Amino acid sequence: MEESKINIVACTDKWFVMPTGVMMYSVCVNNPDVDIVFHVFYDDSVTSKNRRDLEKTVAGFGGKSIAFYHVDLTKFPYFPDIIMDAYVSQATYFRLMLSEILPETIHKVLYLDGDIIVRHSLLPLWNTDLKGYAVGAVPDIIEIEYSKEYSSRLNYPSQHGYFNSGVLLVNLEYWREHRALRDFARYLQEHADILQYSDQDLLNALFYDKKVVLPIKYNLICGFMWSSSQYDFGRYEKEIQEALKDPVIVHFTGGKPWQQYSRLPQHPFSRTFFKYQSQTRWKGVKIDKRSFKLRVINYVADTLRKYGLKSQVSPEYEYIEIASID
């Protein structure tokens, strides 16, 4: 049965408030006639002003609303300390709590990372049939290049591939019925030592054969834009080329356009991000998470490179050339 009201979940800390706001704005602009509720999970670092800014971002659009959920991981004592001490933000793990925190009247949600821009209607994605499946997700570059390595590490058959967790269509009824939160906690307790990509590894380990594979246009990650001389995309080649021409969702998994400082090459869709950012209260805002010490080190190194006293740094990856579409 098709549904016309979309429930979208975003998880944020103070560093991702601005990108999340821009993501939400892009959703609203490109889904004008769709009722949407944004469910925002946040931690202690997010201020009341941050929340007001997000509220104002969607307030001008008809049929759009926002609900906030403060998440305190100490209230989930059955989760191991890996979550509390992980290198990645704690907010990364909030998506695991969907079935526990959201009202039971919500049966399905679309989870979107904050480093995303939506360019078209989400209704076709939203109405994907998930009956009998836990999630709908897009293959990751890892599935294409390192599928056997990753599936072996996570102990499941390689033919099931590996998905990116930045865009997830979640069947909450399945999660609740199968007590997914319990399984997440148990897996973290028993296999924390093998996880390299935090929650993404965890979701793949538990749902590798309980997923609906979504088209790449719904989660165009950076890996699909790296130089084609480096990667053989095989059976995904045609689908990737179509996604590059007109993606529905662009996911900035590599260098973020809003970073104040980055040695990564400019993302091919940076212009897309800035187009939407310029229409929000965060126009021109950059984010710099570097410590003062690191800023000084970078400044000195870049000055030496400027005068030829230090060798230039070659980027690890290079993007293919993509015709401007925004």
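Further up the page is the structure itself.
Residues numbered from 1 in each chain as written. Predicted model: local features only at pLDDT ≥ 70, side-chain atom pairs only at ≥ 80, totals over all residues. Heavy atoms only, no water.

## Considerations on the environment of Lys245
Among the structural elements, Lys245 can be located in helix α10 (residues 237-245). On the accessibility criterion, Lys245 (62% relative accessible area) is exposed. As a C-alpha pair, Lys245 and Ile322 span 77 residues in sequence and 8.1 Å in three-dimensional space. (Helix = DSSP H or I, 4+ residues; strand = E, 2+ residues; numbered from the N terminus. Buried < 20%, exposed > 50% of the residue type's maximum accessible area, 1.4 Å probe, protein only.)

## What to know about helix α2 (residues 48-59)
Look at α2: 16 Å from first C-alpha to last across 12 residues, which is about the 16 Å you get at 1.5 Å a residue. Each element contacted by the buried residues of α2 is listed here: α1 (17-30), β2 (35-42) and β3 (64-70). (Expected span 1.5 Å × (residues − 1). Contact = heavy atoms within 4.5 Å.)

## Re the packing of aromatic side chains
In the structure shown here, the tally under the stated rule is 13 aromatic pairs. Each ring, one from Tyr25 and one from Phe61, has its centre 5.5 Å from the other, and the planes form 70°; the classification is edge-to-face. Pair noted here: Tyr25 is in helix α1 and Phe61 is in the loop between α2 and β3, with a separation of 36 residues, a long-range link. Aromatic pair Trp175 and Phe207: ring centres 5.7 Å apart, planes at 35°, arrangement tilted. In this pair, Trp175 is assigned in helix α7 (residues 172-177) and Phe207 in helix α9 (residues 198-207), connecting sequence segments 32 residues apart. (Phe/Tyr/Trp six-rings, centres within 6.5 Å; stacked < 30°, edge-to-face > 60°.)

## Considering unusual backbone geometry
At Asn155, a position not held by glycine, the phi torsion is positive, near 65°. Structurally, the position occupied by Asn155 is in the loop between α6 (141-154) and β7 (163-171). Phi at Arg179 takes a positive value of approximately 50°, unusual for a residue other than glycine.

## Focus on the sheet that holds strand β6 (residues 135-139)
In spatial order, the strands read β3-β2-β1-β4-β7-β6-β8; together these seven strands make up an open sheet with mixed pairing. The sheet is open, and its two borders are formed by β3 and β8 (211-213), each paired with just one other strand. Averaged over all pairs of adjacent strands, the angle between strand axes in this sheet comes to 30°, irrespective of strand direction. Direction of pairing for strand β1 (residues 5-12) relative to β2: parallel, over a ladder of eight bridges. For Cys11, the partnering residue across the bridge sits in β2 and is Phe41. Along the sheet, α9 contacts β6, β7 and β8; its crossing angle with β7, the most-contacted strand, is approximately 55°. (Pairing = 2+ DSSP bridges. Axes fitted to C-alpha atoms, helices over the stretch in contact; angles between N-to-C directions.)

Read these as spatial facts, not as claims about activity.
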